[in-house]
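# Observations on chain architecture
So you can see what is in the structure, the chains are spelled out below.
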Amino acid sequence: AQSVAQPEDQVNVAEGNPLTVKCTYSVSGNPYLFWYVQYPNRGLQFLLKYITGDNLVKGSYGFEAEFNKSQTSFHLKKPSALVSDSALYFCAVRVLTGGFKTIFGAGTRLFVKA
Amino acid sequence: SQTIHQWPATLVQPVGSPLSLECTVEGTSNPNLYWYRQAAGRGLQLLFYSVGIGQISSEVPQNLSASRPQDRQFILSSKKLLLSDSGFYLCAWSVDSLYGYTFGSGTRLTVV
C-alpha cells in the first residue's frame, strides 16, 4: 500500500540547534514529496517539495529537505532552529490511485525551546 | 493572486442538526478542490475531492456529503450531524497536485 510515515510524534530542540523531522514513504513509481507546516488553529502552509533533480531541496523559512531514494526518506531539516518554528509539520506524498491524490503523514509536533 | 476562503471559522452545532461549510477559490480556473478533516490536531483524512463542477469523489463512507455547484465553490454538508463529526475541517485547492496544495484557514466544528 502507498503510504507516508512520520515516526516521531514530537521533536524537541533548543533554539539555535539544528533540527530534523523524519519522513519515510512507500509509493509506486516516482515519488512526489511535500512538507507542510501548520500553526495552531490555522490551515497548512506549503514549505517545499521534491519532484525531480537535486536531492537537497530548499524551501520557505530556511527549511530544507533531503530526498534519499535508497532509504525512501524525505527528512525535513533546518541548520538553526527558532522558537517561532514551533508548529505541527506534515510530510505528504502524491499517489496514483484511480487519479492523483495526496496523502499526509500523521504529523510531527516540533517544540523549539529558548 | 489566488486566494481561498473558508467559513465559518468556528461552529457549534447540536446533534441531529444540518451542516453547510463553504469554500471558495479566487484567481484561478478549474481548480482541483479537496475537503480534509483533522481530528485531535493531528493527521489529515481526505473526505472528498473534486476535479470539476458536479464531479465529487468520496474517500470514506460517512455522514457527510460534498457538492461543487460552481467551478470555484466547494460545499461540505450533512443532513444530521453526529458527535463524531466534530473536528477541524480544511478545504484545499490545487491546479495540479505536483505543485502542492493551498489550504484554507479551516473550520472548527463542535457537535454537542
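The coordinates are above.
What you see is a predicted model, and the numbers here were worked out from it, not measured in a lab. (Residues numbered from 1 in each chain as written. Chains lettered and ligands numbered in written order. Predicted model: local features only at pLDDT ≥ 70, side-chain atom pairs only at ≥ 80, totals over all residues. Heavy atoms only, no water.)

## With respect to the nonpolar core
Cut-off, in case you're wondering: Remark: nonpolar core denotes a set of buried residues (Ala, Val, Leu, Ile, Met, Phe, Trp, Tyr, Cys) joined through side-chain atoms within 4.5 Å. Here's how the labels work: a residue is buried when its accessible area is under 20% of the maximum for its type, exposed when over 50%, partly exposed in between, all with a 1.4 Å probe on protein chains only. Numbering of helices and strands runs from the N terminus, with a helix taken as a DSSP run of H or I at least four residues long and a strand as a DSSP run of E at least two residues long. For this analysis, residues touch if any pair of their heavy atoms sits within 4.5 Å.
Core analysis: the biggest nonpolar cluster contains 28 residues, and Trp35, Leu47, Leu48, Phe74, Leu76 and Tyr89 of chain A have the highest contact counts within it. Counting residues per element, this core draws most heavily on strand β10 (residues 87–96) of chain A, at 5 residues. With residues near it in sequence (within four places) discarded, Tyr89 of chain A still touches Gln6, Trp35, Tyr36, Val37, Leu47, Phe63, Leu76, Gly107, Thr108 and Leu110 of chain A. With 19 residues, the next largest nonpolar core counts Ile4, Leu76, Cys91 and Trp93 of chain B among its residues.

## Remarks on the pattern of salt bridges
To keep it simple, the criterion reads: In the sections that follow, a salt bridge refers to a side-chain nitrogen of Lys or Arg positioned within 4 Å of a carboxyl oxygen of Asp or Glu.
This model, assessed by the stated rule, comprises 5 salt bridges over all chains. Between Glu66 of chain A and Lys77 of chain A there is a salt bridge, and its shortest N-O distance comes to 3.1 Å. With a gap of 11 residues between them, Glu66 of chain A in strand β8 (residues 64–68) and Lys77 of chain A in strand β9 (residues 73–78) connect regions that are remote in the sequence. A relative accessible area of 36% means that Glu66 of chain A is categorised as partly exposed. Taking relative accessible area as the criterion, Lys77 of chain A reaches 27% and is therefore assigned partly exposed. Taking the shortest distance from any N to any O, the salt bridge between Asp71 of chain B and Arg68 of chain B comes out at 3.2 Å.

## Topic: the state of the cysteines
Let me state the cut-off plainly: Defined by distance alone, a disulfide is two cysteine sulfur atoms within 2.5 Å.
Under the defined criterion, the tally for this structure stands at 2 disulfides over all chains. Each sulfur in the disulfide pair Cys23 of chain A and Cys91 of chain A lies 1.9 Å from the other. Between Cys23 of chain A and Cys91 of chain A, the S-S torsion sits near -65°, and that sign places the bridge as left-handed. With Cys23 of chain A in the loop between β3 (19–21) and β4 (24–26) and Cys91 of chain A in strand β10, this pair connects stretches of sequence that are 68 residues apart. Exposure remark for Cys23 of chain A: the relative accessible area of 0% places this residue in the buried category. Overall, the relative accessible area of 0% leaves Cys91 of chain A in the buried class. Through a disulfide, Cys23 of chain B is tied to Cys91 of chain B; the S-S separation comes to 2.0 Å. In this structure, the disulfide formed by Cys23 of chain B and Cys91 of chain B twists by about -75° around the S-S bond and is classed as left-handed. Remark: Cys91 of chain B occurs in strand β9 (residues 87–94) and Cys23 of chain B occurs in strand β3 (residues 19–26); sequence separation between them is 68 residues.

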